[in-house]
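Letter by letter, the chains look like this.
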Amino acid sequence: MSATAPTSSDALTRLYATHHGWLRGWLQRRLGCAFDADDLAQDTFMRVLKNDSAAAIREPKDFLVTLAKRVMVDFFRRKTLERAYLDMLALMPEAQAPSPEQRHSLLESLQHIDSMLDGLGPKIKQAFLLSQLEGLGYAEIAQRVGVSVSSVKKYMAKAAEHCLLFSLETEYP
């Protein structure tokens, strides 16, 4: 590599230095919270770093807005899941409620499962959850979802493949 050729690290450094403040402001206007804007701006740049895409970006603001919107969707989905979990915990008798450490671990597990199931079609996700959470057989799932048993078999194979690929991607990024 020549001494004048920029590295991907140089491109990321320039992108961050030039656009971080702008992105943080953009996020703060949408979220109404400086702390969340800071976190999501960092998450956005972490995705750029993870994908090693900084050098290939032609329109930085458009790219960062698109990526930040995806980060916000994930953020709101996590918050919704967390709220539902905490609401469920509030209904439990105090003696049966998990410890703070257990709550944190369970919430992380729920968020991981939610991320894993993201990207599955609604019927595939429903069939998978009916199988895994309610223990239903394929015929019962087919009846509930309103599809044939052969479709349920295809859905389950697709869900298993999706979960395996997700597992491999998160284990070996």
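Numbering of residues begins from 1 in every chain and follows the order in which that chain's sequence is written. A pLDDT threshold of at least 70 governs which residues receive local features in this predicted model, and a stricter bar of 80 or more applies before side-chain atom pairs are shown or counted, although totals over entire chains, interfaces and linings include all residues. Side-chain calculation: all heavy atoms of the structure are included, whereas hydrogens and water are not.

**Details of the UniProt feature "domain: RNA polymerase sigma factor 70 region 4 type" (unreviewed entry) in the protein**
Thought 1: UniProt positions are given in the numbering used here, feature names are shortened, and annotations may be inferred rather than shown by experiment. Here the UniProt feature "domain: RNA polymerase sigma factor 70 region 4 type" (unreviewed entry) sits at residues 113-163.
Thought 2: Helix makes up 80% of residues 113-163 and strand 0%, and the two end C-alpha atoms of the span are 9 Å apart. Secondary structure elements follow DSSP: runs of H or I no shorter than four residues count as helices, runs of E no shorter than two count as strands, and numbering proceeds from the N terminus.

**Side note on the environment of V71**
Thought 1: Among the structural elements, V71 can be located in helix 3 (residues 60-90).
Thought 2: Relative accessibility under 20% of the residue-type maximum defines a buried residue, over 50% an exposed one, and the middle range a partly exposed one, all with a 1.4 Å probe and only protein chains included. The class for V71 is buried, based on a relative accessible area of 2%.
Thought 3: Expressed as a C-alpha distance, the spacing of V71 and R103, which sit 32 residues apart in the sequence, is 24 Å.
Thought 4: What makes two residues a contact is simply this: any of their non-hydrogen atoms within 4.5 Å. Excluding its chain neighbours within four sequence positions, the residues that come into contact with V71 are L40, D43, T44 and R47.

**Here's the deal with the nonpolar core**
As a rule of thumb, nonpolar side chains are buried together in soluble globular proteins.
Thought 1: Among the buried residues, those of types Ala, Val, Leu, Ile, Met, Phe, Trp, Tyr and Cys that are joined through side-chain atoms within 4.5 Å form a nonpolar core. In this structure, L23, W26, L27, L40 and V48 are the most contacted members of the largest nonpolar core, which totals 19 residues.
Thought 2: Secondary structure elements with two or more residues in this core: helix 1 (8-31), helix 2 (34-51) and helix 3.
Thought 3: Core analysis: the next-biggest nonpolar cluster, separate from the first, contains 18 residues, I124, A127, V145 and F166 among them.

**Concerning the packing of aromatic side chains**
Thought 1: Side-chain rings of Phe, Tyr and Trp (the six-membered ring for Trp) are treated as a pair once their centres are within 6.5 Å; stacked means planes under 30 degrees apart, edge-to-face means over 60, and tilted covers the remaining angles. According to the stated counting rule, one finds two aromatic pairs in the structure shown.
Thought 2: Where Y16 meets F45, the ring centres are 4.9 Å apart and the plane angle is 70 degrees; that geometry is what we call edge-to-face. Of this pair, Y16 sits in helix 1 while F45 sits in helix 2, and the two are 29 residues apart along the sequence.
Thought 3: Its relative accessible area of 33% is what places Y16 among the partly exposed residues.
Thought 4: Given a relative accessible area of 4%, F45 falls into the buried group.

**Thoughts on the side chain of S131**
Thought 1: In this structure, S131 sits in helix 5 (residues 122-134).
Thought 2: Setting aside anything within four residues of it in sequence, one finds S131 in contact with L136, I141 and M156.

**Describing the confidence of the model for the protein**
Thought 1: Summary of the metric used: pLDDT quantifies the predictor's per-residue confidence within the range 0 to 100. In the predicted model, the protein carries a mean pLDDT of 86, and the fraction of residues at 70 or more is 93%.
Thought 2: Confidence scores differ between elements of the protein, with helix 4 (residues 100-117) showing the lowest mean pLDDT of 84 and helix 6 (residues 138-145) the highest of 94.

**With respect to the side chain of H19**
Thought 1: As for its placement among the helices and strands, H19 is situated in helix 1.
Thought 2: Classification of H19 as buried rests on a relative accessible area of 11%.
Thought 3: Dropping the residues within four chain positions of it, H19 is found in contact with F45, P60, K61 and L64.

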